[in-house]
Amino acid sequence: MLARVVATTSACSKEGIDNKSIQMRCYASRLWHMACSVAARKLSASSLSGFGSRKNCSPIGFLPHPGRIETPPDRVIRSWTDQATLRGVGTGCIRNPEGLSMIEPSADVSATVEYTMDKWRMDRVPWAMWACVAGLAIALHAESRGQNGAVLAAVYLALLGLAFAGYALTTLIGRSGLPLLLELLIGALVLIIVSALVGGISLMVGGSTGGSSYVGAMRSLYWSHLVNPSLNVFGWMLLYLGSGWIAFSSYRHFHADRAVVSMSAAGIRFHRPWLKGLFIPWQEVRGVGHLEVPGMSGVPYVSPYAAAVTVGQDFYEQHIAPKRSFLAPPGSEAMFQPKGEMMQVVLNSADMTVKPDDFLGPAGARWKAFRDRAGSSSQPGGTIVYGRWSINGSAWQAVQFLAPLVGMAVVMLYR
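Structural notes, computed from the coordinates. Because the structure is predicted, anything quoted here is derived from the model rather than measured. (Residues numbered from 1 in each chain as written. Predicted model: local features only at pLDDT ≥ 70, side-chain atom pairs only at ≥ 80, totals over all residues. Heavy atoms only, no water.)

Describing the sheet that holds strand 6 (residues 275-281)
Part 1: The strand order 6-5-4-3-11 describes an open sheet built from five strands, whose pairing is mixed. The sheet is open, and its two edges are formed by strand 6 and strand 11 (383-386), each paired on a single side. On average, each strand axis in the sheet is tilted by 15° relative to the strand beside it, whichever way the strands run.
Part 2: Strand direction decides the pairing type here: strand 4 (residues 261-263) and strand 5 (residues 267-272), joined by three bridges, are antiparallel. The residue bridging Met263 from the neighbouring strand is Ile268, located in strand 5.
Part 3: The sheet contacts of helix 10 (residues 356-370) involve strand 3 (112-115), strand 4 and strand 11, and relative to strand 3 the element is tilted by about 155°. (Pairing = 2+ DSSP bridges. Helix = DSSP H or I, 4+ residues; strand = E, 2+ residues; numbered from the N terminus. Axes fitted to C-alpha atoms, helices over the stretch in contact; angles between N-to-C directions. Contact = heavy atoms within 4.5 Å.)

Pasting the structure below:
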């Protein structure tokens, strides 16, 4: 190697380069080309057995191979002679053009990639545990004034749920596109029904103190336990809400529901209550990348927080728009954004704790592999799940779950 450096220095001197800075650039350029040739020879001589291990990573991390390397049949990596550029990861391993590391499971396009809400739900379990701690402290230490706090809390939650259902129903009716007069009539009917149910439950729970007149009944309602509850009722409400969330999240963790988004060799499937049966074949996808929205200056703004696939306007109007339901929650319109004469469909959302790059990598690899041919779903290559919660053994995760338990023990000991 020293001899090559000396030769390089002599070559630069023979070319008549006297400027020191130019000579240094010349030395660096020649040394770089020598390093590339050495690394290329090592790569061409290496065997493909143990492909993806640390020893098969390029020492430089950016070098394209000059010759063809035969990849295993279950890999999507093409011969490196067909690749224009290769990107390196932090460990120095080479990535393919789709941005997937060769050791990543999602690089196998025959596998199905699923995205779930499990981690999003489980990440909120510690907050639900703290709600239980606070509710237990209030229920044990606050005065009850002779009221049955557990029963009243259940009634309060039922009334709140009924009121929220009425509000959601009127909101959905307003977004349905019905004539204004019909919307007003339906809204008034919903208001009357909800008010009657709330008043009936309040009268049954509040009871009467013996007055038979309307004024006496309203006076007893005002001074009833329902209208003037004790503080421990709110403690029981926190207990119900926290325990309910913990039970629901735990059940869904061990009995997983359908993935919100799944990618297979055939295409992308969406499984949302308000968008059922939506399927986008890879042949209909026109592009994969970050979401582009119009900027104020007319220059499109590329959002790094949203991953999207682009489809044709005809496909959107025929296969996607009819599936959109007026039951969609507020803000769901942001899932579909126009891009010229095409439509962008956003893949990620706030209820999935998954980074946009974890959508773009698998989506880009499968799109490039199957956009010109139909994917074979008869030979699946396994399932890869993103957004799945797991015990990672970190101290922070242990503190998140142990601290509420310690707090609950303290509340029970000092009751």
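Observations concerning the sheet that holds strand 10 (residues 342-346)
Part 1: Spatially, the four strands line up as an open sheet ordered 7-8-10-9, and their pairing is antiparallel. Every interior strand has two partners, whereas the edge strands, strand 7 (285-293) and strand 9 (336-339), have only one. For this sheet, the mean inter-axis angle between neighbouring strands, taken without regard to orientation, is 40°.
Part 2: Two elements, strand 8 (residues 301-312) and strand 10, share five bridges in a ladder whose sense is antiparallel. Bridge pairing links Val309 to Val345 in strand 10.

What about the side chain of Asn232?
Part 1: Assignment of secondary structure puts Asn232 in helix 8 (residues 231-254).
Part 2: A distance of 2.5 Å separates polar atoms of two side chains, one belonging to Asn232 and the other to Ser230.
Part 3: Not counting the four nearest positions on each side in its chain, Asn232 is found in contact with Ile138, Ala139, Ala142, Glu143, Ser144 and Gly149. (Polar contact = N/O pair within 3.5 Å; in protein donor to acceptor, adjacent residues only side chain to side chain.)

A few points about the pairing of strand 9
Part 1: Inspection of the sheet shows strand 9 paired to strand 10 by four bridges, in the antiparallel sense. For Pro338, the partnering residue across the bridge sits in strand 10 and is Met343.

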